[in-house]
Structures are given as structure tokens and as C-alpha cells.
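Fold and geometry: a report
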Amino acid sequence: MIEVNNLSGGYHGTPIVQQVSFSVRQGELFGILGPNGSGKTTLLKMLSGILSSQQGSVKIKEKSLKQYTAKELAQVVAVLPQILSQEFSYTVKETVALGRYAHQKGLFRTWSEDDEAIVQRVMAQTGVAKFQKHSLHELSGGEKQRVYLAQSLAQQPEILLLDEPTNHLDLSYQKDLLDLLKKMAKECGLTVISIFHDLNLAGLYCDQLLLLEKGKVNKLGHPSEILKEHRINSVYNTNVKKQSHPQIPKPQMSILPEQLQEEMAKIKLNEAWLSQSAEMIRFESPIPMRTLSAGVIGSGWGWHRTFVNRHVDKDYHYENHKEEMGQYLLNNGLDLNETVGMMTAVHLKDVAFQLIEKEDFSVFIVVTAGVGNAVDASFPCRRMTNNNPGTINTWVIVNAHLADEAFVQAIMTATEAKTKALFSKKVKDPVTKTLATGTSTDSVLIAASQRGVHFPYSGTSTELGQVIGQGVYECTIQALEKNRGERR
Ligand SMILES: Nc1ncnc2c1ncn2[C@@H]1O[C@H](COP(=O)(O)OP(=O)(O)OP(=O)(O)O)[C@@H](O)[C@H]1O
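All of these numbers come straight from a predicted model, not from anything done at the bench. (Residues numbered from 1 in each chain as written. Predicted model: local features only at pLDDT ≥ 70, side-chain atom pairs only at ≥ 80, totals over all residues.)

**Examining the overall build of the protein**
Looking only at helices and strands, one finds 13 helices and 24 strands in the protein. Here the C-alpha radius of gyration of the protein, 31 Å, is well above what a compact globule of 488 residues would show, namely 23 Å. The dimensions of the protein, computed from C-alpha atoms along their principal axes, are 100 × 45 × 45 Å. Relative to its 488 residues, the protein shows a buried fraction of 40%. Counting contacts in the protein only where the partners sit at least 6 residues apart, residues at least 24 apart contribute 72% of the total. (Helix = DSSP H or I, 4+ residues; strand = E, 2+ residues; numbered from the N terminus. Rg over C-alpha atoms; globule rule 2.2 N^0.38 Å. Buried ≥ 20, exposed ≤ 12 C-beta atoms within 10 Å, placed from the backbone. Contact = placed C-beta atoms within 7 Å.)

**Overview of the site of the ligand**
In the vicinity of the ligand, the contacting residues are Y11, I16, G34, N36, G37, S38, G39, K40, T41 and T42. The dominant element in the shell around the ligand, judged by the number of residues it contributes, is helix α1 (residues 40-47), at three residues. The residue makeup of the shell around the ligand, split by class, is two nonpolar, seven polar and one charged. (Near = placed C-beta within 6 Å. Nonpolar A, V, L, I, M, F, W, Y, C, P; charged D, E, K, R; others polar.)

**Overview of the sheet that holds strand β1 (residues 2-11)**
Spatial ordering of the open sheet is given by β2-β1-β4-β5, a layout of four strands whose pairing is antiparallel. Each end of this open sheet is capped by a strand with a single partner; those strands are β2 (14-24) and β5 (63-64). Alignment of strand β4 (residues 55-60) against β5, held across two bridges, turns out to be antiparallel. Within the sheet, the bridge partner assigned to K59 lies in β5 and is S64. The sheet strands contacting α1 are β1, β2 and β4, and the helix crosses β2 at an angle near 65 degrees. (Pairing = 2+ DSSP bridges. Axes fitted to C-alpha atoms, helices over the stretch in contact; angles between N-to-C directions.)

**A closer look at the confidence of the model for the protein**
For the protein, the average pLDDT comes to 90, and 94% of its residues sit at 70 or higher. Among the scores for the predicted complex, ipTM is 0.97 and pTM is 0.74. (pLDDT = per-residue confidence, 0-100.)

**What about helix α5 (residues 141-154)?**
Taking 1.5 Å per residue as the helical rise, α5 with its 14 residues ought to reach 20 Å, and the 20 Å between its terminal C-alpha atoms agrees with that figure. Burial within α5 is extensive, with 12 of its 14 residues counted as buried. Along α5, the positions that sit buried rather than exposed are E143, K144, Q145, R146, V147, Y148, L149, A150, Q151, S152, L153 and A154. Of the surrounding secondary structure, the elements contacted by the buried residues of α5 are β6 (77-80), α3 (92-97), α4 (113-125), β7 (159-163) and α6 (171-188). Q156 sits one or two residues past α5 and shows a positive phi near 45 degrees. (Expected span 1.5 Å × (residues − 1).)

**Focus on unusual backbone geometry**
Leaving glycine out, the prevailing phi sign among residues is negative, and the prevailing peptide bond configuration is trans. In this model, E62 sits at a positive phi of 65 degrees, which is unusual for a non-glycine residue. Along the polypeptide, E62 turns up in the loop between β4 and β5. A positive phi angle, near 50 degrees, is found at N237, a position not held by glycine. Within the secondary structure, N237 is located in the loop between α9 (229-236) and β11 (240-244).

Laid out in C-alpha cells, this is it:
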């Protein structure tokens, strides 16, 4: 649809954009990224013919841009500019109707039924139909942005060029606008080329990205190739972290405020942060910790300050136990956004915990263990509803900075150590009579302060893994012995 070859251009003979080449297929959403002053708008101006090139070529539908008359070009390409502060006092509908200009024929440019239908349709699509009689002055920045989008769409272009289209839009209209563009690209074959400052939106919606650096192409490709931590940090001269979107396989970048980095001074794990009653064991950290857990509340990845292991009666049964647990925590003055909550029928006096302090990191392990519902994971068989409640709840709280791999390996290491403890205590699956590997309701929490020394891994060959393995093993043995009355 568009082919750009070795394009250079700028102002007053000075090249701003230099030797840029790329091609965009029909129906593609193509994003242009780059820091302020990197030449994005200059490139867009050259694509729309507002600024002539100094070198290279732009071909639109296999015809050189230079061979198009202004009217021919307007029938193919529409431009949504950045909003200007001054507008004429047109009404919304009049402004949108200007988009039909390139398609009107004859000396008197009569307004046809088709023109009216198209204008009404695009006003409805962009959510501005309700303002159609209002003067443009009366609208907010975001509303004006949508009116100009409607004007561009009224032009019924094959190619739409946009300079930061989400600039004035609130979150919901950003999504609506990009959803609409994506839909038009997919269903009507509209080709969209847009400048983005928001890397995450660009990553979510674009098929291809062009990253400009000082007027030149730094990289052209799929969003996952462009949105790499090291690349963005080097081109934008900043410090962003990349993580995956929680629901779809798309990269997301987060900025890290300088002040917060300074505030993230080291902390010292303290046993006094653990409190205990017959009803709950509670660990309260003065800072939010990054967590990965299978808690009833706060499961998966998160940042949490309070960890609760709540004692429930062995007959505890609620249809919606998450809701009941949430209500219980709220009644105890806890914030559900900051809390990981687990349950156990084990008496909480039988808890075992251990603080292990090493030179540059520390680990606090807390275990409650009941094995009435012990299970041999290698032995599949039908199990009746559990009449012998148990559960081994294991918390591993690390004062260090863990990579994602280290979180996952900490779960593996803790699980292996727990299983070894069950073997040592010869705990058996009451159904299969074979050695048990865990119970049917075990839960685990890995928490890390994300301060101080960085651990990329925590498998059993690492110092951290060895501390976790030994600590979980010893605490599980101790908790089991207490639970069986073998120890006080
Ligand atoms: N009309 C102009 N005359 C002279 N120089 C200009 C003109 N417009 C832009 N420039 C210069 O060209 C360079 C690139 O500007 P451009 O607007 O293309 O950058 P951009 O990547 O779109 O930046 P931003 O993210 O800030 O919008 C800048 O150094 C700018 O000062």
C-alpha cells in the first residue's frame, strides 16, 4: 500500500529524517515511535505530501506520491493532525462535513444523500453525533479530537495518517478510538499509520512498529522486537521495565520513578512482624512485597504487605469461600488489595518458623502442617470428600531482589523440601497407603522485598535455594511433629 525507500527530508535544506525505508500493507496498523524531536512528525508530513522529500521516494498504491494531484491524494490519504488551539467557529457537523470535500463533484459541489449518510455514520462511530449542532469551541480537547477523527473518516480514505491520536483522550476513549481503527483496518482494509508516545498502546494495537532515533531507523519490526527493555532504555535514555500483559501475549513497559528508587532503601526482616493468635497467624511487612502465591485471597503475582494464615473449623464449608474469606479479612480491618490470605484447619499453635540470616540476604520461613488429607501425587485415584482435613501452608519470605525465574524456582525448591520432610516422617496417603508427597489442599507463598542483592535463580544449586530448601524441610518436620503431638 505504501512503500518508503531511502527517504530523507527536513527543513531549510537540513535533513531531519534520514534514509528511512519501510513498507506498510493494506489493513495494517503501523506505529511510529521515537523520542521528542526524533523526526516522527517530519516523516508523517513527508508521507502526506505536506513536506517534500530531499531524497528517496514514497509510493502510494504503486504510484509515486509526486504524481498525485492534491485532490487525488485527498481521496486516498486522510490526515488527523495534532489539535490546534484555534478553530473557526464551525459546528461539529460542519467540521465533519468538510471531510467530504475531496469527493464532491461539479462546480456547485452539491451535498448528496450519500454525503449525509457518511457524515452521520462517522459521527456515530466516533461518538460525536450528540454534539453535532454545537460549536467546536464548546467541546473539550478529547471531544474535539474525536470530531477531527470523524472528519478524517468522512473523507473515506484508504490510508489514515495520525499524529498522536490519543493525546487528549481519556482512558476509555483511547481504547474506543484504537478499537475502532483496528476494526476498520481489519474489516474495511483501512491502512493506518500513526505516531505514538504511549509505547504500551503501540504494542497492544500495532502490527508493525518503526522506532526512530535522531531521524534514522533504529529498528523496524513486530512490537515484541521493538519493545525490548535495553532498546527503549537506550533510545529514550530512560529506565523502563518490561513485563507481559496480564491477559494477552503483548509486551508492556513501566517507568520507574527516580524518587521511588531512592526510597527503596534496604530493610531488615524482623521476627516481630509475625503475630499469632488462635484465629490467625499474621505477617505484616512495613513495605509491600512482591508475591507469588496460591492464597485464597491475593493469589498469583502481586504486591502485598500482609500475609494471613487463618484457622477454620474442620467442617468449614462455604459455596463461595473466596467471598467469605474476603469478608473475614475486611472485618479484621485488612485491605484486600494488600493481603494474601490462606486457610487451614490445623491449630495455629503448631506453627513452625525460622529466620535465617546470611551476609547479604535473609529468609523467613513459616509453616503449618496437617496431613489428614495426605496425598501421593504419583498415584491417581478417586478420593471421597475429605473428612480428615489437613493442609500444609508454606510461606517463604525473602529479603532480596528475586527475578521471576527465582520466584518459580523458590516454589519448586520449597515443594521438594516439603515432600522430603513427608518422606522423613513417613507420612502416608490414607487412601493408597503409599508415601505421600503433600496434601490435597497445600498452599504456598513466595514473597520478596525486591531490595538489596539480586538473585536470578533460587534452585537447589544456589545459596538462596539451599537456604530455602533446608529451612522449609526443618520447619515442615517441626510443624508435623507439633501437629502430631510429638513436640511442644
Ligand atoms: N517547521 C520546522 N522548521 C524547522 N525545524 C523544524 C520544524 N519542525 C520541526 N523541526 C525540527 O525537526 C526536528 C524533528 O521534529 P519533529 O516534529 O519531526 O519531531 P517529533 O519526533 O515529531 O517530536 P515530538 O515527539 O516532540 O512531537 C526537531 O529538532 C525540530 O526542532
